Amino acid sequence: MFRQASRLLYRSAAAGSSKSATARAFSTEVPSTIDSTFVESWKKVAPNMDPPQTPSSFMKPRPSTASSIPTKLTVNFVLPYASELSGKEVDMVIIPATTGQMGVLPGHVPTIAELKPGIMSVHEGTDVKKYFVSSGFAFLHANSVADIIAVEAVSLENIDPSQVQKGLAEFTQKLASAATDLEKAEAQIGVEVHSAMNAALTG
Amino acid sequence: MASSAAVPFWRAAGMMYITYSNICANLVRKCLREPFKAESMNREKVHFSLSKWADGKPEKPGFFFFFFTLLPV
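Reading guide: rules and limits
Residues numbered from 1 in each chain as written. Chains lettered and ligands numbered in written order. Predicted model: local features only at pLDDT ≥ 70, side-chain atom pairs only at ≥ 80, totals over all residues. Heavy atoms only, no water. UniProt positions renumbered as here; feature names shortened; annotations may be inferred. Contact = heavy atoms within 4.5 Å. Buried area = accessible area lost by both parts, 1.4 Å probe. Salt bridge = Lys/Arg side-chain N within 4 Å of Asp/Glu carboxyl O. Helix = DSSP H or I, 4+ residues; strand = E, 2+ residues; numbered from the N terminus. Phe/Tyr/Trp six-rings, centres within 6.5 Å; stacked < 30°, edge-to-face > 60°. Buried < 20%, exposed > 50% of the residue type's maximum accessible area, 1.4 Å probe, protein only. Lys NZ or Arg CZ within 6 Å of the ring centre and 35° of its normal. Polar contact = N/O pair within 3.5 Å; in protein donor to acceptor, adjacent residues only side chain to side chain. Core = buried A, V, L, I, M, F, W, Y, C linked by side-chain atoms within 4.5 Å.

The name that an unreviewed UniProt entry assigns to chain B is ATP synthase subunit epsilon, mitochondrial, with the source organism given as Brassica carinata. Taken directly from UniProt, the Subcellular location (unreviewed entry) text for chain B runs: "Mitochondrion inner membrane". Database annotation for chain B, UniProt heading Subunit (unreviewed entry): "F-type ATPases have 2 components, CF(1) - the catalytic core - and CF(0) - the membrane proton channel. CF(1) has five subunits: alpha(3), beta(3), gamma(1), delta(1), epsilon(1). CF(0) has three main subunits: a, b and c."

If you look chain A up in an unreviewed UniProt entry, it shows as ATP synthase subunit delta', mitochondrial from Brassica carinata. Looking at chain A in UniProt, the text filed under Subunit (unreviewed entry) is "F-type ATPases have 2 components, CF(1) - the catalytic core - and CF(0) - the membrane proton channel. CF(1) has five subunits: alpha(3), beta(3), gamma(1), delta(1), epsilon(1). CF(0) has three main subunits: a, b and c." As its UniProt record puts it under Subcellular location (unreviewed entry), chain A is described as follows: "Mitochondrion inner membrane".

Shown next as structure tokens:
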């Protein structure tokens, strides 16, 4: 399969090269490419109607990256039903990525991180605000803006420890007795989420 | 080049990310203290009406449901 890969790639590149002869510009460049021949032929056919707009005309150019690293990180933390933090300037954010707790400082390399159930902490001077996040994503942009989206995020004091213990015991037992793959996966998720909540409450 | 990285266990079991994410969120909601638990359950309630069709016409005017988002287990 791999021997053919280079041949197939070359073939598809050659076939597509006629169409993609003009290299597509990055969205960092201002999109002002209005096809004049199209506009002219449109005006001939429908002189009273405006030519249709394309998605690129609605796009704002990507904000430029500052040449020097900003001192503060701008955080947007949103949930499906509420916007927790919107454009808040903070010093650091620690997010529970699947690869481990990730500290985000201003000037962080652009990253897309999938979040696992865990604690997200927002550090502003000496203030630390902690949330337990169920799962979600974090988009870290080159201009020191962090967009964090979670499905459910709660303050640690709103979690009921007895429920967590009960759930953990229940799902550990389910994991032991699970039959199908799907049941095992669901039980595993339950164990993970409850252990994370347990660790969050005790840690 | 076509090799896939190690897939998460839920993906290997045939689950989609959104299913996984919703299960996690539901479990977290179930472990909240009152009144936050009641608030979140209320917020996540879904109202929908279901009608079965036969011969191009709905069989009954409609079945009305008040349904909590399918809580797993």
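Visitor: Let's hear about the interface of chain A and chain B: which residues, and what values?
Guide: On the chain B side, the residues contacting the 35 residues of chain A number 25 residues. Both sides together, the interface formed by chain A and chain B hides about 2,600 Å², and carbon and sulfur atoms give 69% of it. Across the contact surface, chain A and chain B share 2 salt bridges. Linking A:Glu152 and B:Arg29 is a salt bridge whose minimum nitrogen-to-oxygen distance equals 2.5 Å. Elements with a contribution of two residues or more to the side of chain A that touches chain B: α1 (2-17), β8 (136-140), α4 (161-177) and α5 (181-202) of chain A. Top element by residues in the side of chain A that touches chain B is α5(A). It accounts for 11 residues.

Visitor: Report on the packing of aromatic side chains, specifying residues and quantitative values.
Guide: Considering all chains together, one arrives at 7 aromatic pairs over all chains under this definition. Ring centres of B:Trp10 and B:Tyr20 lie 4.7 Å apart, and the angle between their planes is 10°; on these two criteria the pair is classed as stacked. Of this pair, B:Trp10 sits in helix α1 (residues 9-12) while B:Tyr20 sits in helix α2 (residues 17-30); the two residues are 10 residues apart in sequence, bridging distant segments of the chain. The exposure class of B:Tyr20 is buried, given its relative accessible area of 4%. A connected cluster of aromatic rings, assembled from ring pairs, spans A:Phe137, A:Phe139, B:Trp10, B:Tyr17 and B:Tyr20. The lysine or arginine in question, A:Lys174, covers the ring of A:Phe171, its NZ or CZ lying 4.7 Å from the ring centre. The positively charged end of B:Arg43 is found above the aromatic ring belonging to A:Tyr81, 3.4 Å away from the centroid.

Visitor: Would you mind going over the pattern of salt bridges in detail, with residue names and values included?
Guide: Residue and element names in this part refer to chain A. Counted according to the given criterion, the structure contains 7 salt bridges over all chains. In this structure, the salt-bridge partner of aspartate 91 is lysine 72, at a minimum N-O distance of 3.0 Å. Of this pair, aspartate 91 sits in the loop between β2 (83-90) and β3 (92-97) while lysine 72 sits in the loop between α3 (55-58) and β1 (73-78); the two residues are 19 residues apart in sequence, bridging distant segments of the chain. Owing to a relative accessible area of 28%, aspartate 91 belongs among the partly exposed residues under this scheme. For glutamate 170, the salt bridge goes to lysine 174, with nearest N and O atoms at 2.9 Å. Taken as a pair, glutamate 170 and lysine 174 lie in helix α4 at a separation of 4 residues, close to a single helical turn. The class of glutamate 170 is partly exposed, set by a relative accessible area of 36%.

Visitor: Explain the side chain of A:Ser144 to me, and be specific about the residues and the numbers.
Guide: All names here are of chain A. Relative to the elements of secondary structure, serine 144 occurs in the loop between β8 and β9 (145-150). Classification of serine 144 by relative accessible area gives buried; the value is 3%. Within the structure, the side chain of serine 144 is placed 2.7 Å from the backbone nitrogen of glycine 107, a separation counted as a polar contact. Leave out the neighbours within four places in its chain, and serine 144 touches Pro70, Lys72, Leu73, Thr74, Pro106 and Gly107.

Visitor: Outline the nonpolar core, supporting the account with residue identities and numerical values.
Guide: Counting 25 residues, the largest nonpolar core has A:Phe132, A:Ile159, A:Ile189, A:Val193, A:Met197, B:Met15 and B:Tyr20 as the members making the most contacts within it. The set of elements that each furnish at least two residues to this core consists of α4 and α5 of chain A together with α2 of chain B. Per-element accounting of this core gives the leading share, 7 residues, to α5(A). Beyond its immediate stretch of four places on either side in the chain, A:Ile189 contacts B:Phe9, B:Trp10, B:Met15, B:Tyr20, B:Ile23, B:Cys24 and B:Leu27.

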